[in-house]
Amino acid sequence: MGRRVVVTGLGLICGVGNTAEDTWKNLLAGKSGVARITQFDPSNFACQIAAEVKNFDPLNFVEKKEAKKMGRFIYLALAATDEAMKMSGLEVTPELSTRVGVHIGSGIGGFDVIEREHSNLLNGGPRKISPFFIPAAIVNLAAGHVSIRYRAKGPNEATCTACTSSAHSVGDAFKIIARCDADVMIAGGTEAAITPMGVGGFAAMRALSVRNDAPEKASRPWDSGRDGFVIGEGAGILILEELEFARRRGARILAEIIGYGMSADAYHITQPAEEGDGAYRVMVTTLADAKVQPQQIGYVNAHGTSTDIGDKLETIAIKRTFGDHAYKLPVSSTKSMTGHLLGGAGGLEAGITVLALRDQILPPTINLEQPDPECDLDYVPNKARKVEIEYAMSNSFGFGGTNGALLFRRWAQ
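Since this is a predicted model, take the numbers as computed values, not measurements. (Residues numbered from 1 in each chain as written. Predicted model: local features only at pLDDT ≥ 70, side-chain atom pairs only at ≥ 80, totals over all residues. Heavy atoms only, no water.)

1. Some points on unusual backbone geometry
Point 1. The phi dihedral of alanine 266 is positive, around 50°, even though this residue is not glycine.
Point 2. Along the chain, alanine 266 turns up in the loop between strand S8 (255-264) and helix H10 (277-290).
Point 3. Located in the positive-phi region is asparagine 382, a residue other than glycine, with phi close to 70°.
Point 4. Looking at the secondary structure, you find asparagine 382 in the loop between strand S11 (361-362) and strand S12 (385-386).
Point 5. Look at asparagine 382 and you get partly exposed, because its relative accessible area is 41%. (Helix = DSSP H or I, 4+ residues; strand = E, 2+ residues; numbered from the N terminus. Buried < 20%, exposed > 50% of the residue type's maximum accessible area, 1.4 Å probe, protein only.)

2. Quick look at the packing of aromatic side chains
Point 1. Counted under the stated rule, the structure contains 5 aromatic pairs.
Point 2. Grouped by ring-pair contacts, the aromatic residues Phe202, Phe229 and Phe399 constitute a single cluster.
Point 3. Cation over ring: arginine 320 sits above tyrosine 280, and NZ or CZ is 4.0 Å from the ring centre. (Phe/Tyr/Trp six-rings, centres within 6.5 Å; stacked < 30°, edge-to-face > 60°. Lys NZ or Arg CZ within 6 Å of the ring centre and 35° of its normal.)

3. Points about the sheet that holds strand S6 (residues 184-191)
Point 1. Within the open sheet, the 10 strands sit side by side as S5-S4-S6-S7-S1-S8-S14-S13-S9-S10. Their pairing is mixed. Single-partner strands in this sheet number two, and they are strand S5 (156-157) and strand S10 (331-332).
Point 2. When S8 meets strand S14 (residues 402-410), the two strands line up antiparallel, connected through 9 bridges. Counted as the bridge partner of glycine 259 is leucine 407 from S14.
Point 3. H10 contacts S8, strand S9 (297-301), strand S13 (391-398) and S14 of the sheet and is inclined by roughly 140° relative to S8. (Pairing = 2+ DSSP bridges. Contact = heavy atoms within 4.5 Å. Axes fitted to C-alpha atoms, helices over the stretch in contact; angles between N-to-C directions.)

4. Re the pairing of strand S7 (residues 234-242)
Each regular strand displays side chains that alternate between the two surfaces of the sheet.
Point 1. Of all the 9 residues making up S7, 9 are buried; the element is thus mostly covered by neighbouring parts of the structure.
Point 2. Side chains Gly234, Gly236, Leu238, Leu240 and Glu242 project from S7 onto one buried face, and the interleaved Ala235, Ile237, Ile239 and Glu241 project onto a second face that is buried too.
Point 3. As paired strands, strand S1 (residues 5-13) and S7 are joined by 8 bridges and run antiparallel to one another. Across the sheet, leucine 10 pairs through a bridge with leucine 238, a residue of S7.
Point 4. In this structure, S6 lies alongside S7, joined through 8 bridges in antiparallel fashion. Each residue of the ladder has a partner; that of glycine 188, found in S7, is isoleucine 237.

5. Overview of the pattern of salt bridges
A side chain of one charge can pair with a side chain of the opposite charge if their charged atoms are brought near each other.
Point 1. Summed over all chains, the structure comprises 26 salt bridges.
Point 2. The residue glutamate 369 makes a salt bridge to arginine 220 at a minimum N-O spacing of 2.8 Å. In this pair, glutamate 369 is assigned in the loop between S11 and S12 and arginine 220 in the loop between helix H8 (196-204) and S7, connecting sequence segments 149 residues apart.
Point 3. Take arginine 220: its relative accessible area is 4%, and that puts it in the buried class.
Point 4. Here the salt bridges do not stand alone but share partners, grouping Arg226, Asp308, Asp311, Lys312, Asp372 and Glu374 into one network. (Salt bridge = Lys/Arg side-chain N within 4 Å of Asp/Glu carboxyl O.)

6. Here's the deal with the nonpolar core
Point 1. Ranked by internal contacts, the top residues of the largest apolar core, which has 44 residues, are Leu10, Leu238, Leu240, Ile257, Val354, Leu406 and Phe408.
Point 2. No other element matches helix H13 (residues 345-359), which puts 8 residues into this core.
Point 3. Aside from chain neighbours lying at most four places away, what touches leucine 238 is Val7, Gly9, Leu10, Met185, Ile186, Ala187, Gly347, Ala350, Gly351, Val354 and Phe408.
Point 4. Within the second largest apolar cluster, 35 residues are counted, among which are Val62, Phe73, Leu76 and Ala142. (Core = buried A, V, L, I, M, F, W, Y, C linked by side-chain atoms within 4.5 Å.)

Next up, the structure:
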């Protein structure tokens, strides 16, 4: 059996809040972060809405001369990490540095940088391409900058597995500590793909909601009127520590991470497997890893993107995993408020799941007005709910049929 791992800090930034506590407060109030896109003119786009991070100044976290070396996804990761590290109270000393690692995922990375530099190439030729183009755009540089800033010299990794990226990063970081390859991991994910190519690409697939006249109503998981997901941006970072290490330094423990599973659909590049097979197997694997019975789970923070087939198949997978308990099990999608952070979703939602356990209250699924008859579980509709739960799961599924799930336990010791 591996070493026990706990969460001692978290940082969240997304369309509904620029800190963990603001995000949490607004989620519990059922506030939507979706509005008309401001980062570019969306007038000619089928989808003109997104859940943008608001009132964010990267120069609060990055020196001006360094900012030009980074894409927006890196700024967001640094902002979330700053909050998480302050919450944890951890100081990375020279003696500790080799036992502290970083694992931050992103599904797309610096789309904004790629588009800008491509424009520079077309308009001015190759001499106009910034020498910082590549390191500002590539996925692992969020983890790289965090490692450099905090002098974390342990494992330094980045996962790029579409919308499961940061769930995999948190899970892999958990296992790195459990097997004694580090004592602390800064883990999670980040994404900033609200760009012309990002929005245009997903819209071309007809994956995005086009409810442009009512943005706050557009993300509506499990509702019969759903017409696609809403793209969001932001970051979610957790500080994971080996339990005894955390205790020795007197850290405040928020929750314990006890299970992690992975699976592949091996079915289709974008469509989930029939009967939710991959989602079902990843939840079963996660329960087995944690040695927890299905009926012990008190909450699932679902992938719940607000797509027609995805919501139906996740519902089927939950029923297959939990049996009769599925109808007693609260399941909600906070993407109804934050939009879908793509590769950043798993980190954000892991943090939300930790807060649900800490405060014993479940965030709602908003905009659930006329439930799809095929989606008939308890989705915590429209209003937060006080509960008494010990275990909560967070699901993430991605293009290419890549799945991840995380299981957390309330910390009450």
